[in-house]
Amino acid sequence: MNIIAQPSAVPIQLDKQTANKRMTAGLGGGVALEWYDWNVYGVMAAFLSPHFFPSDDPTTSLLAGLAVYGAGFCARPLGAALLGPVADRISHKRVMLISVTAMAVCSLLISLLPTYKDLGVTAAIALLIMRLIQGLATGAEAGVANAIAIELAPPGKEGHYLGLIGGTFIQLGNLGSSLVAFLVSASVAPEAMREWAWRIPFAVGGLLGLLIIYLRTTVPETLINRAMHRQDESSRIQETTGGVWKTLWSVRLSLLAVILVIGSVQIANYAWNTGLPNMANTVFKENSTYVYGIMTLMVLIWMSTAPLIGAFADKVRPSRAFTLLRLLLIPCFFLTLLYSEKGIVTFFFVTVFGGAIVGFNMALYNFIATTLMPRAVRTTGVALGYALGVSLFGGTSPYLLVWLQREHIAWMFPVYGSLIALLSVLVYQIAKKRGRLYIGE
């Protein structure tokens, strides 16, 4: 087995403790906000969809709203392709600021957006444009944050640190969206929730963006540059955009592995975070306060266990941890078949206990994806692989879950998810045997 080793991050000559705290706050806070703003649409889809896609059938309205949700994912690869090389060649900090600003502004605009009753189909188009812009912004965020985090991680603790940045902070954003939805739903009458209160979580995300923009502006540019732009052989190819794409093509097996490693877990992620709660709220008419409370509990489990799963991967080797947890995801997919009719207890069981396995995989996938890319194109490779994986698999997941349930062929969803999970393990192992792991082995 020919595993290529990369040198660890060189010591950064600043007040190291302060600098690392700033970096963690700027990186993690931005990641949390990105995921809050991205996930809050999915959490609120059952309530906003009738205002932009009115229909006599509530499931039809929901499917239209989820289609816009999925369309946002289509913009992610373009965002990764445009902004990834900018980060690798010019400025990671600049791309981080562009990304978080776009997310926050669009969330604030959605909270103020007139509905179909006011503007007709123009309202739906405006909503779609907001989601496409957010898709462009998130296209580069994962690659930038993970590439910086892996360079700043203490040697031998890369999994633990990535579990914090790419696990806990992501789930903090998801927790925030579920928690705010729960608090709003518990504070207003159901009629108010349907009519106007669904706007509040979007406004919260927009306003929080001001704080995160400040945090990211205070991260020293020199700190990022010293970590990411070293004068070694692996970084010289970053001098031109063409060089970035040439190097990326040379590691295309790694890119395919990144796509599948990320895509397969995102099928589960968006099924649990978006598909199941919207099906509960719209199809089975569950009490939305209970639904959001259960979702909040699930995300708390994900958030608290992420660094532990990363530390487990450091101890047993990332490849072993990934293979074990990804194979456990297969029976987890079949738990979705239990929730085929109204029943908040069944929803609790599937969401919390099945969701725990999903959360373990979510804690690890950013780290595993980052290990598959050489430093010279790490930001672009992870960002593009992430964007393609999420767009092809994650963005369609909640739509498929709800649609297959309506068509009485719900069994197809876990079969589909299981096959992609198996494929991700197979391609990852091939990449490993061909020496395409660059960190952690």
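Every value quoted in this text rests on a predicted model; they were computed, and no experiment measured them.

Chemist: For this particular structure, what's the right way to read the overall build of the chain?
Modeler: Counting secondary structure elements, the chain contains 18 helices and zero strands. Out of the 441 residues in the chain, the part that is buried amounts to 61%. Contacts spanning at least 24 positions in sequence make up 87% of the contacts within the chain whose residues lie at least 6 apart. Split by element, the accessible area of the chain, about 16400 Å² in all, is 68% carbon and sulfur.

Chemist: Just to check I follow, could you spell out helix α14 (residues 318-334) for this structure?
Modeler: Spacing of three or four residues puts side chains on the same side of an α-helix, whose turn is 3.6 residues. Between its first and last C-alpha, α14 extends 26 Å over 17 residues, near the 24 Å set by a 1.5 Å rise per residue. Within the sequence span of α14, burial applies to Pro318, Ser319, Ala321, Phe322, Thr323, Leu325, Arg326, Leu329, Ile330, Cys332 and Phe333. Packed against the buried residues of α14 are α12 (252-283), α13 (288-316), α15 (344-371) and α18 (412-433).

Chemist: Explain the packing of aromatic side chains to me, please; I cannot follow it from the model alone.
Modeler: Each aromatic ring pair is specified by the distance between its two centres and by the angle formed by the two planes. Per the counting criterion, the structure on display carries 17 aromatic pairs. Summarising the aromatic geometry, the rings of Trp38 and Phe73 are spaced 4.9 Å apart at their centres and angled 90° between planes, so their arrangement reads as edge-to-face. In this pair, Trp38 sits in helix α1 (residues 16-52) while Phe73 sits in helix α2 (residues 58-74), placing the two residues 35 residues apart along the sequence. Both residues of the pair, Trp38 and Phe73, count as buried. An angle of 85° between the planes, with centres 6.3 Å apart, marks the rings of Trp198 and Phe202 as edge-to-face.

Chemist: For this particular structure, what's the right way to read the pattern of salt bridges?
Modeler: A full pass over the atoms with the stated rule returns two salt bridges. Arg194 serves as the salt-bridge partner of Glu191, at 3.9 Å between the closest nitrogen and oxygen. Taken as a pair, Glu191 and Arg194 lie in helix α8 (residues 190-197) at a separation of three residues, close to a single helical turn. Owing to a relative accessible area of 48%, Glu191 belongs among the partly exposed residues under this scheme. The exposure class assigned to Arg194 is partly exposed, which follows from its relative accessible area of 42%. One salt bridge connects Arg406 with Glu407, and the closest N-O pair in it is separated by 3.4 Å.

Chemist: Sorry, what's going on with the packing of α12 against helix α16 (residues 378-394) here?
Modeler: Between two packed helices, what matters for the description is the angle formed by their axes and the separation of those axes. The N-to-C vectors of α12 and α16 enclose an angle of 45°; their axes lie 7 Å apart at closest approach. Here α16 runs oblique to α12, going by the angle between their axes. Like other packed secondary-structure pairs, α12 and α16 cross with a definite hand, here right-handed. Side by side, α12 and α16 meet where Leu255, Val258, Ile259, Leu260, Ile262, Gly263, Gln266, Ile267 and Tyr270 of the first sit next to Gly381, Val382, Leu384, Gly385, Tyr386, Leu388, Gly389, Val390, Phe393 and Gly394 of the second. Here the residues of the contact of α12 with α16 are counted per class, giving 13 nonpolar, six polar and no charged.

Chemist: Looking at this model, I keep getting lost on the packing of α13 against α15. Mind explaining?
Modeler: Put simply, α13 and α15 touch, their axes get as near as 7 Å, and they point 30° apart. Between α13 and α15 lies a crossing whose hand is right-handed. Residue composition of the contact of α13 with α15, grouped by class: 22 nonpolar, four polar and one charged.

Chemist: Explain the environment of Ala102 here, please?
Modeler: Structurally, Ala102 is set in helix α4 (residues 92-112). Through-space distance from the C-alpha of Ala102 to that of Ala137 is 6.3 Å; in sequence the pair is 35 residues apart. Apart from the residues within four sequence positions on either side, Ala102 is in contact with Ile133 and Ala137.

Chemist: Please clarify how the confidence of the model for the chain should be interpreted in this entry.
Modeler: Caution applies to low-pLDDT parts of the model: their predicted coordinates are not meant to be read in detail. The predicted model of the chain averages 84 in pLDDT, with 89% of residues at 70 or higher. Residue range residues 1-14 is modelled with pLDDT below 50. Its contacts to residues more than four positions away, or to other chains, number 31 contacts. Across residues 229-238, where pLDDT falls below 50, the model places 27 contacts with residues more than four positions away in sequence or in other chains.

Chemist: Even after reading the chapter, I still don't get a nonpolar patch on the surface, so can you show me in this structure?
Modeler: Where nonpolar side chains cluster on the molecular surface, the patch consists of Leu327, Phe334, Leu337, Trp411, Met412, Val415, Leu419 and Leu422 and spans about 710 Å² of accessible area. The biggest single contributor to the nonpolar patch is α18, with four residues. By the secondary structure assignment, Leu327 is in helix α14. On the accessibility criterion, Leu327 (38% relative accessible area) is partly exposed.

Chemist: It is not clear to me how helix α6 (residues 121-152) should be interpreted in this structure. Could you clarify?
Modeler: When the terminal C-alpha atoms of α6 are compared, their 47 Å separation across 32 residues agrees well with the 46 Å that a helix rising 1.5 Å per residue should span. Counting buried positions along α6 yields 23 of 32 residues, so the element is predominantly enclosed.

Chemist: Sorry if this is basic, but what is going on with the nonpolar core here?
Modeler: For soluble globular proteins, the rule of thumb is that nonpolar side chains tend to be buried together. Membership of the largest hydrophobic core comes to 130 residues, with the highest contact counts inside it found for Met44, Leu127, Trp272, Leu364 and Tyr365. Tallying contributions element by element places α12 first for this core, with 16 residues. Taken domain by domain, this core gets at least three of its residues from each of domain 1 (19-219) and domain 2 (244-433). Leave out the neighbours within four places in its chain, and Leu364 touches Ile309, Ala313, Ala321, Phe322 and Leu325.

Chemist: In this structure, what is going on with the side chain of Thr336? I would like to understand it.
Modeler: Mapped onto the fold, Thr336 is located in the loop between α14 and α15. Residue classification places Thr336 among the buried positions, given a relative accessible area of 6%. Once residues lying within four places of it in the same chain are set aside, the contact partners of Thr336 are Trp272, Val350, Leu401, Phe413 and Pro414.

Chemist: Sorry if this is basic, but what is going on with unusual backbone geometry here?
Modeler: Excluding glycine, a negative phi dihedral is what most residues carry, and trans is how most peptide bonds are arranged. Of note in the backbone geometry, Lys285 takes a positive phi value of approximately 55° without being a glycine. Of note, Lys285 is situated in the loop between α12 and α13. One non-glycine residue, His408, lies in the positive phi region at around 60°. Counting through the fold element by element, His408 comes out in the loop between α17 (397-406) and α18. The class for His408 is exposed, based on a relative accessible area of 72%.

Conventions we followed
Position labels on residues start from 1 in each chain and follow its written sequence. At least 70 in pLDDT is required for a residue's local features to be given in this predicted model, at least 80 for side-chain atom pairs to be given and counted, and no such filter applies to totals for whole chains, interfaces and linings, which use all residues. With hydrogens and water excluded, all non-hydrogen atoms of the structure serve as input to the side-chain values. A run of H or I in DSSP becomes a helix once it reaches four residues, and a run of E becomes a strand once it reaches two; helices and strands are each numbered from the N terminus. Each residue is placed in one exposure class: buried if its accessible area under a 1.4 Å probe, protein chains only, is under 20% of its type's maximum, exposed if it is over 50%, and partly exposed if it falls in between. Residues are treated as being in contact if the distance between any of their heavy atoms lies within 4.5 Å. Here the accessible surface of atoms and residues is derived via Shrake-Rupley with a 1.4 Å probe, and residues count as covered only by protein chains that are part of the display. Helix span, expected: 1.5 Å multiplied by one less than the number of residues in the helix. Note on aromatic pairs: the rings of Phe, Tyr and Trp (six-membered ring only in Trp) are paired at centre separations within 6.5 Å, and the planes decide the class, stacked below 30 degrees, edge-to-face beyond 60, tilted for the rest. One speaks of a salt bridge when a side-chain nitrogen belonging to Lys or Arg is within 4 Å of a carboxyl oxygen belonging to Asp or Glu. With axes taken as lines fitted to C-alpha atoms, and helix axes fitted only over the stretch in contact, angles between N-to-C directions fall between 0 and 180 degrees. In these notes the angle categories are as follows: under 35 degrees is roughly parallel, over 145 is roughly antiparallel, 65 to 115 is roughly perpendicular, and the rest is oblique. For any pair of crossing helices, the crossing counts as left-handed if the nearer helix is rotated counterclockwise from the farther one by less than a right angle, and right-handed if it is rotated clockwise. By the convention adopted, Pro, Cys, Tyr, Trp, Phe, Met, Ile, Leu, Val and Ala count as nonpolar, Lys, Arg, Asp and Glu as charged, and the other residues, Gly among them, as polar. What pLDDT reports is the predictor's confidence in each residue, on a scale of 0 through 100. Surface patches are drawn from residues lacking salt bridges whose relative accessible area is over 30%; two like charges belong together within 9 Å, two nonpolar side chains (Val, Leu, Ile, Met, Phe, Trp, Tyr) within 5 Å. Residues belong to a common nonpolar core when they are buried Ala, Val, Leu, Ile, Met, Phe, Trp, Tyr or Cys residues joined through side-chain atoms within 4.5 Å. Each domain span listed reflects an automatic or database assignment of domains.

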